[in-house]
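Spelled out, the chains give:
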Amino acid sequence: MVRVRFAPSPTGLLHIGNARMAVFNWLFARRHKGTFILRIEDTDVARSEKKYMDQLIEDLHWLGLTWQEGPDTGGQYGPYLQSERLHIYHDFCQRFLKEGLAYRCYCTPEELEERRQIARLTGKPPRYDNRCRDLTDMQKKAFETSGLSFTIRFKVPEELLIFDDLIRGTCQFDMSLTGDFVIMRSDGTPSFHFAVAVDDTLMQITHVIRGEDHLSNTPCHILLFHALNQKPPQFAHLSLTMGADRTLLSKRHGAFSISEYRKLGYLPEALLNYMILLGWAPRNKKEKFKIDDIIDTFEIGTMSKASSVFDQQKLDWLSGQYTREADLERLTNLAIPYLQAAGFISTDENKIDRAKLRLIVDAVRNNMSCVSQIGQEADIFFKDAVVSEKHLEFLSSEISQSVLLSFYGELQKLATLSPEMFKEAFVAVQIETKVNGKGLYMPVRIALTGREHGPELYGITNILGIEACKKRIERFLLVKK
RNA sequence: GCCCCCAUCGUCUAGUGGCCAAGGAUGCCAGGUUCUCAGCCUGGAGACAGGGGUUCAAAUCCCCUUGGGGGUACCA
């Protein structure tokens, strides 16, 4: 039975890079019909906040991920908040101490820092020198009575540690370069390494899927698993995601938190699809897919070993694809808040003409890669054209005037204006004025929208309705009929 | 400095010794779609980091160099 976990620290908003790790854990669990667990690593009380945890859960759910065990869903291996597991780490630590696997270290952070500096300057590995490992009873007693605070360190054997990574193959580390590491901080909270090993053991994790940044922590964790009499899980270290400047993706690169993308109106399935594309390629080469399409062919071992650059343009392309195919009712609902914020429609849901809104959304969806762009695309339907000096001059020309006048004449013959009627009317205008192509459409387009670009004209007129069209044209008729 | 990981078009990738004078996607450029932008369709430019080996044969295996990334904490 496969059991995997995503174990974030609630110290900030969930980022694309981190979310991607969650996605692949989830994907792996689904692929192997296993259990996906959410565990919150909040032992760093100074930086952890409840609001980030809540946001994290919301973001993960929004992406469409679900877990079988977690702080919100419960489960038989809980609690799933490390801050509620402190006594567990404490007990294991006592056992380590009793069994001689760990010891108290009285070195102060300042001393350690100084020794690190010296090691670096002399070209030696900056490891802890294990000096508290073999204190004499006299020395121990002296430290005890002095009241100095202490950490607990794990005794690292000087051996060559070899392990197999599902993505990277065989990895080996010379542990003589590592030095005894801290498992309990002086404030009694566990270090990351210790908490992870204890929890992964107790929660019976079978596969640890995480970022490559943890690769060099892995030997330490394996040592701890051994000390816990636990067979280490299988490891899979995924390559990391970078920004355009090839540095690790971070806040500096812009809007990369999941909630930011949500606010921008990206569809979750598009984001999810894109995140999977980073580091993995579907066998059938179809880059736009539903999870169900790929779930049977997903093999974690085929993932890219090289880190990848996050490409906003490609995300926008994919997102545009999804936006074009999305259910119109859903898209319309998503668009409403943006149109309200722009002041284009009523904040009272009951006063919204939904039928008309659907037409508008449908008319402009081709030009959008995310829903927040609806405002700048759809404003032409809600306010009269603001015409520039240059356009005014264009509309005043003899040809433009003849087209506008002719079109206006056609409108007056009609009671309504369907796309078909519009096309017929334009044929009539074309015959009457002998103008065609750009010269024919552009005066009408600019008079109606104030822009040279936009959706198909017959769609615009259909949505505006005949009266509004007449009114907008009238503004630019120099000789009123 | 020390340790580890990595290296195919700008970007994401296919490629696991012959099917590769390297395929797809995105982005870019051009043409088409007899209104524009977008969309869609067609075409184009664009890469095996460099050097040594191994082999009849190397993008693929080995070594070195270079480049990138990560770690090196009482952060996770």
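Residues numbered from 1 in each chain as written. Chains lettered and ligands numbered in written order. Predicted model: local features only at pLDDT ≥ 70, side-chain atom pairs only at ≥ 80, totals over all residues. Heavy atoms only, no water.

**Focus on the overall build of chain A**
Quick reminder of the rule: Numbering of helices and strands runs from the N terminus, with a helix taken as a DSSP run of H or I at least four residues long and a strand as a DSSP run of E at least two residues long. Between the two quantities, the radius of gyration covers C-alpha atoms and the globule rule is 2.2 Å times the number of residues to the power 0.38. Any two residues having at least one pair of non-hydrogen atoms within 4.5 Å are treated as being in contact. Under the convention used here, a 1.4 Å probe and the Shrake-Rupley method define accessible areas, while residue burial counts only the protein chains that appear. His is not counted, nor are the chain ends; Lys and Arg add positive charge and Asp and Glu add negative charge. Lysine's charge is taken at NZ, arginine's at CZ, aspartate's at CG and glutamate's at CD.
A count of helices and strands for chain A gives 20 helices and 11 strands. In terms of C-alpha radius of gyration, chain A reaches 32 Å, well past the compact-globule figure of 23 Å for 481 residues. Taken along its principal axes, the extent of the C-alpha atoms in chain A is 110 × 45 × 45 Å. Counting only contacts in chain A whose residues sit at least 6 apart along the sequence, the fraction spanning at least 24 positions is 75%. For chain A, the computed accessible surface area is about 23700 Å², with 51% contributed by carbon and sulfur atoms. Positive and negative charge centroids in chain A, built from 62 and 62 side chains respectively, lie 2 Å apart.

**Remarks on unusual backbone geometry**
Formally: Per-residue accessibility, obtained with a 1.4 Å probe over protein chains only, is compared with the maximum for each type, and a residue is labelled buried under 20%, exposed over 50%, and partly exposed between these values.
Phi at Arg-246 takes a positive value of approximately 65°, unusual for a residue other than glycine. Examined against the element boundaries, Arg-246 turns out to sit in the loop between strand S10 (241-242) and helix H8 (258-263). Of note, Lys-434 is a non-glycine position whose phi angle comes to about 60°, a positive value. Relative to the helices and strands, Lys-434 resides in the loop between helix H17 (419-433) and helix H18 (438-449). Owing to a relative accessible area of 70%, Lys-434 belongs among the exposed residues under this scheme.

**Considerations on the pattern of salt bridges**
Oppositely charged side chains may form a pair once their charged atoms are brought near each other. Going by this rule: In what follows, salt bridge is the name for a side-chain nitrogen of Lys or Arg lying within 4 Å of a carboxyl oxygen of Asp or Glu.
Enumeration according to the criterion identifies 33 salt bridges in this entry. One salt bridge in this structure joins Lys-383 and Asp-379, with 3.8 Å as the shortest N-O distance. Counted as one network, the salt bridges with shared partners bring together Arg-5, Arg-39, Glu-41, Arg-85, Asp-199 and Asp-200.

**A short note on the pairing of strand S5 (residues 160-165)**
How we decide: Two strands are counted as paired when DSSP detects at least two bridges linking them.
Along S5, the buried face is formed by Leu-161, Phe-163 and Asp-165; none of Leu-160, Ile-162 and Asp-164, which line the opposite face, is buried. Pairing geometry for S5 and strand S6 (residues 169-174), over six bridges, is antiparallel. Across the sheet, Leu-160 pairs through a bridge with Asp-174, a residue of S6. From the end of S5 to the start of S6, which pair antiparallel, there are three residues.

**Examining the sheet that holds strand S7 (residues 181-184)**
In a beta sheet, neighbouring strands are held together by backbone hydrogen bonds and run either parallel or antiparallel to one another. The criterion, for reference: With axes taken as lines fitted to C-alpha atoms, and helix axes fitted only over the stretch in contact, angles between N-to-C directions fall between 0 and 180 degrees.
Across the sheet, which stays open at both edges, the three strands sit in the order S3-S4-S7 with antiparallel pairing between neighbours. The two strands at the open ends of the sheet, each matched to only one other strand, are strand S3 (102-105) and S7. Geometrically, the sheet is characterised by an average inter-axis angle of 45° between neighbouring strands, direction not taken into account. Direction of pairing for S3 relative to strand S4 (residues 151-154): antiparallel, over a ladder of four bridges.

**Looking at the packing of helix H12 (residues 328-341) against helix H13 (residues 354-364)**
Applicable threshold: We call two directions roughly parallel when the angle between them is under 35 degrees, roughly antiparallel when it is over 145, roughly perpendicular when it lies between 65 and 115, and oblique otherwise. Gly is placed with the polar residues, together with every amino acid not listed as nonpolar (Ala, Val, Leu, Ile, Met, Phe, Trp, Tyr, Cys and Pro) or charged (Asp, Glu, Lys and Arg).
Orientation of H12 relative to H13, taken along the N-to-C sense of each, is 95°, at an axis distance of 9 Å. Here H12 lies roughly perpendicular to H13, going by the angle between them. Each of Leu-328, Glu-329, Leu-331, Thr-332, Asn-333, Ala-335, Ile-336 and Leu-339 in H12 lies in contact with H13, whose residues at this interface are Arg-354, Leu-357, Arg-358, Val-361 and Asp-362. Of the residues assigned to the contact of H12 with H13, the class counts are seven nonpolar, two polar and four charged.

**Topic: the domain arrangement of chain A**
What counts is decided by this rule: All the domain ranges listed were derived from an automatic or database domain assignment.
Partitioning chain A into domains gives domain 1 (3-71 + 241-309), domain 2 (85-238), domain 3 (328-377) and domain 4 (389-474). Using C-alpha coordinates to define each centre, domain 1 is positioned 49 Å away from domain 4.

**Section: the layout of surface pockets**
Our working definition: Grid points spaced at 1 Å over the protein atoms alone were grouped into cavities, where a 1.4 Å probe fits but cannot get out, and pockets, open sets with protein on both sides within 12 Å along at least five of seven lines, with lining residues defined by an atom within 4 Å of a point. Grid points are joined across faces, edges and corners, and a volume is the space filled by probe spheres set on the points.
Taken as a whole, the largest pocket spans an internal volume of roughly 1100 Å³. If you trace the largest pocket, you find 38 residues lining it, with Pro-8, Ser-9, Asn-18, Asp-213 and His-214 closest to the centre. Mapped onto the lining of the largest pocket, the elements with two or more residues apiece are strand S1 (3-6), helix H1 (16-31), helix H6 (192-202) and strand S8 (207-211). Here the element with the most residues in the lining of the largest pocket is H1; it accounts for four residues. A per-class count over the lining of the largest pocket returns 15 nonpolar, 15 polar and eight charged. There are two domains that each give the lining of the largest pocket at least three residues, and those are domain 1 (3-71 + 241-309) and domain 2 (85-238). Looking at the second largest pocket, its volume works out to about 360 Å³. Forming the walls of the second largest pocket are 18 residues, and the residues nearest its centre are Arg-116, Pro-126, Arg-127, Tyr-128 and Asp-129. Looking at the lining of the second largest pocket, the elements with two or more residues in it are helix H4 (109-121) and S7. Class assignment of the residues belonging to the lining of the second largest pocket gives a composition of eight nonpolar, three polar and seven charged.

**Considering the side chain of Arg-39**
We count it as follows: Throughout this description, a polar contact denotes any pair of N or O atoms lying within 3.5 Å of each other; where both atoms belong to protein, one of them has to be capable of donating a hydrogen while the other can accept it, and for residues adjacent in sequence the pair is counted only when both atoms sit in side chains.
Inspection of the secondary structure assignment puts Arg-39 in the loop between strand S2 (35-38) and helix H2 (50-63). Judged by its relative accessible area of 0%, Arg-39 falls in the buried class. One polar contact links Arg-39 to Glu-41, side chain to side chain, over a distance of 3.0 Å. When neighbours within four sequence positions are excluded, Arg-39 is seen to be in contact with Arg-5, Phe-6, Ala-7, Pro-8, Tyr-80, Gln-82, Val-196, Asp-199, Asp-200 and Met-203.

**A look at the protein's contact with RNA strand B**
Rules: One heavy atom within 4 Å of a molecule or strand makes the whole residue count as near it.
In the vicinity of RNA strand B lie 65 residues, with Arg-116, Arg-168, Arg-185, Glu-287 and His-453 positioned nearest. Of what RNA strand B places within 4 Å of the protein, 68% of the atoms are sugar or phosphate. Note that a base oxygen of RNA strand B is positioned 2.8 Å from one of the side-chain N or O atoms of Asn-367. Listing elements by their share of the surface near RNA strand B, those giving two or more residues are H4, S4, S6, H6, strand S11 (308-309), helix H11 (312-325) and H18. With five residues, H11 is the single largest residue contributor to the surface near RNA strand B.

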